Amino acid sequence: MLPALASSLTLLTVCASVHSQEVSHSPHRVQLTARKASHDSPLRRRALSAANIPLNDFYKGTDLQWYGNISVGTPGQTISVVFDTGSSTLEFPSTACGDSCRNQHKFDTAKSSTFVDTGYTTTLTFATGVGVDPVQGDNYQLQLRSGHDTVTVGGLVAKKTDLYVITDQTETFAIDPFDGIQGMSATAQGFFAGLINQGLPSVFGLYLTPNAIGNAELTIGGIDTTKFTGSVSYASLPSDSGDTWQLSSPQISVNGKTTSTLKRTRTIIFDSGTSNVLFPTSTAEAIYALISPDIQPFDDEPGTYGIACSKIQSLPAVIDLTFTSSSGKVFNLTIPSSELSVGPFASDSSTCQTLINAYDGYDLVGGSVLKHYYSIWDIGNQRMGFASNRH
Ligand SMILES: *[C@@H]1O[C@H](CO)[C@@H](O)[C@H](O)[C@H]1NC(C)=O
Ligand SMILES: *[C@@H]1O[C@H](CO)[C@@H](O)[C@H](O)[C@H]1NC(C)=O
């Protein structure tokens, strides 16, 4: 999920107290052994090693939203979160949130001996939401209050992690099968910055399998080599990327064909918290024109497109997104034809929604691309890697 710009700038200011630049990679191990530190001396502490966190897939007609558990507070309270590469901060409902959080687990700040309320209140508005519907106006909005507490992810403990409790939220969040959002942006913040400060490598891997296959997983502090086959294609983030996971792409092709609109350099954002693909209207329509003239804007839901469900199954719709690896080789991330339909519209069950929503702001891909690759998010080296999933 991508925060709307104004809010994300506000939040960045708030999070400036996390100094991810001061990261040290604890290379002291050899010296410490020589000093024969006593067994329980903190000097003997080794760098943390990678941990795997199992993920569930949000399967509500679509198969494009993954979430897993973290633990917050002392004693720990279990909170399920989307590990969201499109945002930076951690937020989840607290007991201060009323009816709008009725379906979610609410964190009880009074029951955590380590919770500290830091009293800053803000509003976080998202420009991309959960599921396949476009965001309209302020329909994805959270009211937040800042604090810090101990956060444990995959057994790794980060104390005094900056976070927000949700005190109110729009209805669109009430149907979510998860409680909150854990930002995993391209600059480490919150718990991840805390773990990196303790020596955890600044990289994570995502294995976002379809629900039918299962075993989806986040690995923090490393990658899980049992989850992919073959070599990894790495590509560097553009130097001005900041928090954003994005890569430059020279070309999009559909069923092996391209057009002048599609053969143009663009920067594509990778957002594990967004289900559908978002492209500017001209790009979306150029892609659809190569698939079928019958794919048309669906007026009930501005930004979406659809086609008669009876026609969609047989349509070839292989979309190749082309990138250039760090070693100069061209590679594609391919969205197979099976992703074209994201299911019937609620207001017209004979029309099926197609996977690209028009959004005149940026180019962004999410679950429908990421579920076909093992993806590596390397903060330290400011690069992303992709390999074939091992199923
Ligand atoms: C998260 O925790 C809940 C409650 O402890 C458990 O039922 C669920 O299976 C866990 N989910 C995952 C993906 O581990
Ligand atoms: C990438 O996709 C394009 C369009 O389908 C194709 O022409 C090209 O051969 C592909 N490149 C690689 C390296 O697979």
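What counts, and at which threshold
- Residues numbered from 1 in each chain as written.
- Chains lettered and ligands numbered in written order.
- Predicted model: local features only at pLDDT ≥ 70, side-chain atom pairs only at ≥ 80, totals over all residues.
- Heavy atoms only, no water.
- Helix = DSSP H or I, 4+ residues; strand = E, 2+ residues; numbered from the N terminus.
- Buried < 20%, exposed > 50% of the residue type's maximum accessible area, 1.4 Å probe, protein only.
- Contact = heavy atoms within 4.5 Å.
- Pairing = 2+ DSSP bridges.
- Axes fitted to C-alpha atoms, helices over the stretch in contact; angles between N-to-C directions.
- Salt bridge = Lys/Arg side-chain N within 4 Å of Asp/Glu carboxyl O.

As annotated in an unreviewed UniProt entry, the protein carries the name Acid protease and comes from Neolentinus lepideus HHB14362 ss-1.

**Looking at the overall build of the protein**
Scanning the protein from N- to C-terminus turns up six helices and 26 strands. Burial status across the protein gives 53% buried among its 391 residues. Nonlocal contacts in the protein, meaning residues at least 24 apart in sequence, comprise 68% of its contacts between residues at least 6 apart.

**Thoughts on the sheet that holds strand E12 (residues 228-236)**
With respect to topology, six strands assemble into an open sheet ordered E1-E11-E10-E25-E26-E12, the strand pairing being antiparallel. Because the sheet does not close on itself, it has two edges, and the strands there are strand E1 (51-54) and E12. Across the sheet, the mean angle from the axis of one strand to that of its neighbour is 20°, orientation sign disregarded. With four bridges joining them, E1 and strand E11 (residues 217-220) adopt antiparallel strand pairing. By the bridge assignment, Ala51 is partnered in E11 with Ile220.

**Structural notes on the pattern of salt bridges**
Counted according to the given criterion, the structure contains 11 salt bridges. Among the ionic pairs, Arg266 bridges to Asp363, the shortest N-O distance being 3.9 Å. One end of the pair, Arg266, is in strand E15 (residues 266-270); the other, Asp363, is in strand E24 (residues 363-365), with 97 residues separating them in the sequence. Each of the two residues, Arg266 as well as Asp363, counts as buried. The shortest N-O distance in the salt bridge between Lys311 and Asp294 comes to 3.2 Å. Taken together, the residues span a long stretch of sequence, with Lys311 in helix H5 (residues 309-312) and Asp294 in the loop between helix H4 (281-291) and strand E17 (296-297) at a distance of 17 residues.

**Digging into the environment of Gly194**
Mapped onto the elements of the fold, Gly194 is located in helix H3 (residues 190-197). Remark: the alpha-carbon pair of Gly194 and Val157, spanning 37 residues in sequence, is separated by 8.6 Å.

**Side note on the environment of Pro210**
Looking at where Pro210 falls in the secondary structure, it is placed in the loop between strand E10 (203-207) and E11. When the C-alpha atoms of Pro210 and Gln65 are compared, they prove to be 9.5 Å apart, with 145 residues separating the residues in sequence. Apart from the residues within four sequence positions on either side, Pro210 is in contact with Asp57, Asp63 and Lys371.

**Here we look at H3**
The buried fraction of H3 amounts to six of the eight residues, a majority that puts the element mostly inside the structure. Every buried residue of H3 is listed here: Gly190, Phe191, Phe192, Ala193, Leu195 and Ile196. On the buried face of H3, the contacting elements are strand E7 (141-153), strand E8 (156-169), strand E9 (180-183), E10 and E11. Looking at the residues trailing H3, positive phi occurs at Gly199, about 105°.

**Let's talk about the side chain of Thr283**
With respect to the secondary-structure elements, Thr283 resides in helix H4. Under the relative-accessibility criterion, Thr283 is labelled buried at 4%. If we ignore the near neighbours within four places in the chain, the residues touching Thr283 are Ile252, Thr261, Leu262, Arg266 and Asp363.

**So, the pairing of strand E4 (residues 77-84)**
Counted residue by residue, E4 has seven buried out of eight residues, so it is predominantly covered. Here five bridges tie strand E3 (residues 62-72) to E4, and the two strands are oriented antiparallel to one another. Opposite Gly68, over in E4, you have Val81 as the bridge partner. With antiparallel pairing between neighbouring strands as the criterion, E3 and E4 make up a hairpin whose turn holds four residues, including Gly73 at a positive phi of roughly 90°. Summarising the sheet, E4 and E9 pair through four bridges and their orientation is parallel. Residue pairing for E9: Val81 is matched across the bridge by Gly180.

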